[in-house]
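Read off the chains here:
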Amino acid sequence: MGSFSIWHWLVVLVIVLVLFGRGRVSDIMGEFGKGIKSFKQGMDETDKAAPRIEGPAHDAKPADPAPAEPQPAPRSDSQG
């Protein structure tokens, strides 16, 4: 019930062909193909024409390495 079988698709195809006729369906599919080609060409032109955006130049240096053995912090409350 959840998925369509081949018979469902054949019935839909017959109804579409009866309503629109064979020539009209092929015209619609041809226009659809032309639209996809045009979209792909537009995407290719956009990729070629778009300038690359680069971030600002900086002189960042890596952080100092951590000491080999951490030293405990001095205690502020002296007890003795």
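Preceding block: the structure.
Description of the structure in this document.

Take the overall build of the protein next. Summing up its helical and strand segments, the protein has 2 helices and 0 strands in all. Looking at the 80 residues of the protein, the share that counts as buried comes to 0%.

In this section: the pattern of salt bridges. If the charged atoms of two oppositely charged side chains come close together, the side chains can form a pair. For the structure shown, the criterion picks out 1 salt bridge. Of the charged contacts in the structure, one is a salt bridge between Glu31 and Lys34, with a shortest N-O distance of 4.0 Å. Note that Glu31 and Lys34 are positioned in helix 2 (residues 22–49) at a spacing of 3 residues, about one turn of the helix. Lys34 carries the same exposure label as Glu31, and that label is exposed.

This brings us to helix 1 (residues 6–20). Helix length check: helix 1, at 15 residues, gives a terminal C-alpha distance of 21 Å against a target of 21 Å (1.5 Å per residue), a fit within 8%. Within two residues after helix 1, Gly21 carries a phi angle of roughly 85 degrees, on the positive side.

Residues Ile6, Trp7, Leu10, Leu13 and Leu17 make up a contiguous nonpolar surface patch of roughly 530 Å² in combined accessible area. Summarising the element assignment, Ile6 is placed in helix 1. For Ile6, a relative accessible area of 56% puts it in the exposed group.

Conventions used here
- Counting of residues starts from 1 at the beginning of each chain's written sequence and follows it residue by residue.
- This being a predicted model, a pLDDT of at least 70 is required before a residue's local features are given, and a value of 80 or more before pairs of side-chain atoms are given or counted; all residues contribute to the totals for chains, interfaces and linings.
- Working from all heavy atoms in the structure, the side-chain values ignore hydrogens and water.
- Counting from the N terminus, the helices are DSSP H or I runs at least four residues long and the strands are E runs at least two residues long.
- Between buried and exposed lies partly exposed: a residue is buried under 20% and exposed over 50% of the maximum accessible area for its type, with that area taken using a 1.4 Å probe on protein chains only.
- Salt bridges, as used here, are contacts in which a Lys or Arg side-chain nitrogen is within 4 Å of a carboxyl oxygen on Asp or Glu.
- In a helix, the anticipated span is given by 1.5 Å times the number of residues less one.
- For patches, a residue must show more than 30% relative accessible area and have no salt bridge; joins then use 9 Å for like charges and 5 Å for nonpolar side chains, namely Val, Leu, Ile, Met, Phe, Trp and Tyr.
- Using a 1.4 Å probe, the Shrake-Rupley method yields the accessible areas, and only the shown protein chains count as cover for residues.

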